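In case you want the letters, here they are:
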Amino acid sequence: MDQNHPPLLSRLSEPETPPDLLDRVMGAIRRARVRRLRVRFALFVSGFAASVGYAAVNWPLLWEEIRTSSFVEFLLLAASDPDVVFANGKDFAYGLLEALPLEAMLAAFAGAFFLLAAVVLTDALRHIRRMPHINHSVPST
Amino acid sequence: METPPLNQLSDAELIRAYREGDEDALAILIRRHIGSVYRFLYRMANDAQTAEDLTQETFIKVWKHLPRFDPSKTFKTWTFSIAKNSAIDYFRKKNPSLVKAESADAADPLESVPDAQPLPDELLERKETAAYLDEALSALPPRTRSIVLMHETEDMTFQEIADATGEPMNTVKSRYRRALATLKERLMARFTREA
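Below is a short write-up of the structure. (Residues numbered from 1 in each chain as written. Chains lettered and ligands numbered in written order. Predicted model: local features only at pLDDT ≥ 70, side-chain atom pairs only at ≥ 80, totals over all residues. Heavy atoms only, no water.)

## Structural notes on helix α7 (residues 129-139) of chain B
Every buried residue belonging to α7(B) is among B:Thr129, B:Tyr132, B:Leu133, B:Ala136 and B:Leu137, and all of these are buried. Along the long axis of α7(B), the arc covered by the buried residues comes to 135°, so they all point the same way. (Buried < 20%, exposed > 50% of the residue type's maximum accessible area, 1.4 Å probe, protein only. Helix = DSSP H or I, 4+ residues; strand = E, 2+ residues; numbered from the N terminus. Arc of directions from axis to C-beta.)

In structure tokens:
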């Protein structure tokens with residue numbers, strides 16, 4: 001502190017911290033955490049619903065894409081003649097990639113991702129709700 | 001090797017423990033600083049309920065941004081930066097012109113501020129001094145008041161205050177000296193009126 005300025009503000013009254021303030025702060029943080037998880041849960045459930053809705057509306061097109069692509073045949077070949085597949089690995093890989101029913105796969109992955117995220121968040125929400133409430137209040141002297 | 005109890009860990013170690021999933025570390029970290037943050041906000045707002053609300057708001061922001069906190073910085077300085085901003089936002093809503101006027105009237109760091117004469121001891125010892133001081137402090141603009149409080153009551157260095165406020169150190173020092181001179185002038189004027 002500057003030597004030319006005696007501790008003027010040492011004369012200020014010292015406010016006492018309310019003993020339950022920490023408890024209230026931790027409670028507010030807990031509520032904010034639950035709120036944040038709920039918002040994310042709602043977003044992921046909406047994403048899952050949108051994926052399912054998209055697949056349902058476009059099911060004929062998606063099924064036609066899977067049916068006409070040779071993707072399933074490639075997979076059946078790998079299961080029935082693995083030796084042939086390993087012998088022609090590079091060609092098989094290129095063929096498989098070209099045959100991918102991209103739109104159907106993207107819809108399936110998106111749905112799976114949103115569903116998995118929603119399940120994980122449900123678990124996180126349950127975990128927070130099950131956490132015992134710890135009283136952080138400072139006992140008054 | 002036994003890990004020391006959480007309350008013996010430094011702030012940086014508590015933050016690391018919290019990031020690794022230890023929820024108790026956050027409570028201990030907040031407990032360590034809640035008193036000083038509350039006192040600072042009480043003296044800023046001069047109202048207990050407002051101070052409690054702002055303290056809660058401050059630590060919710062601390063929790064939200066803790067994952068991105070840079071451990072090379074001091075946690076206390078960072079927390080006080082958030083607390084100061086919460087207080088300024090409160091004053092901006094309450095009295096926008098006051099905050100605007102202070103921003104426009106930035107102290108010139110190159111202008112020398114003469115040291116104010118110390119108050120006579122007998123005035124400092126009077127029981128009304130604390131009340132007059134509260135009054136004079138409340139009359140200071142919010143940013144200036146926060147600098148005075150951080151230095152005088154929280155023992156923060158001018159460098160730490162500069163980091164917390166985002167202002168250059170010379171500006172912080174200049175504002176501080178002017179504020180102390182103003183406080184003493186107001187106190188003397190008050191005592192003179194009473195005499």
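## Quick look at the packing of aromatic side chains
Residues and elements named next belong to chain B. On inspection of all chains with the given rule, the structure shows 13 aromatic pairs over all chains. The interplanar angle of 65° and the centroid separation of 5.2 Å between the aromatic rings of Phe158 and Tyr176 together place this pair among those described as edge-to-face. Of this pair, Phe158 sits in helix α9 (residues 158-165) while Tyr176 sits in helix α10 (residues 169-194), and the two are 18 residues apart along the sequence. Tyr176 matches Phe158 in its accessibility class, with the two residues each being buried. (Phe/Tyr/Trp six-rings, centres within 6.5 Å; stacked < 30°, edge-to-face > 60°.)

## Quick notes on a positive patch on the surface
A cluster of basic residues, A:Arg31, A:Arg35, A:Arg36, A:Arg40, B:Lys64 and B:Arg68, forms a positive patch on the protein surface. Per-element accounting of the positive patch gives the leading share, four residues, to helix α1 (residues 21-57) of chain A. Turning to its location among the elements, A:Arg35 is positioned in helix α1. (Patch = residues over 30% accessible without salt bridge, like charges linked within 9 Å, V, L, I, M, F, W, Y side chains within 5 Å. Areas by Shrake-Rupley, 256 points an atom, 1.4 Å probe, with all protein chains shown as cover. Salt bridge = Lys/Arg side-chain N within 4 Å of Asp/Glu carboxyl O. Lys, Arg positive; Asp, Glu negative; His and termini not counted. Charge placed at Lys NZ, Arg CZ, Asp CG, Glu CD.)

## A few points about the packing of α1(A) against helix α2 (residues 59-68) of chain A
Residue and element names in this part refer to chain A. Two elements in contact, α1 and α2, have axes separated by 4 Å at closest approach and are oriented at 75°. It follows that α1 is roughly perpendicular to α2 by the angle criterion. Facing α1, whose interface residues are Ala55, Ala56 and Val57, α2 presents Trp59, Pro60 and Leu62. In the contact of α1 with α2, the residues fall into six nonpolar, no polar and no charged. (Axes fitted to C-alpha atoms, helices over the stretch in contact; angles between N-to-C directions. Parallel < 35°, antiparallel > 145°, perpendicular 65-115°, else oblique. Contact = heavy atoms within 4.5 Å. Nonpolar A, V, L, I, M, F, W, Y, C, P; charged D, E, K, R; others polar.)

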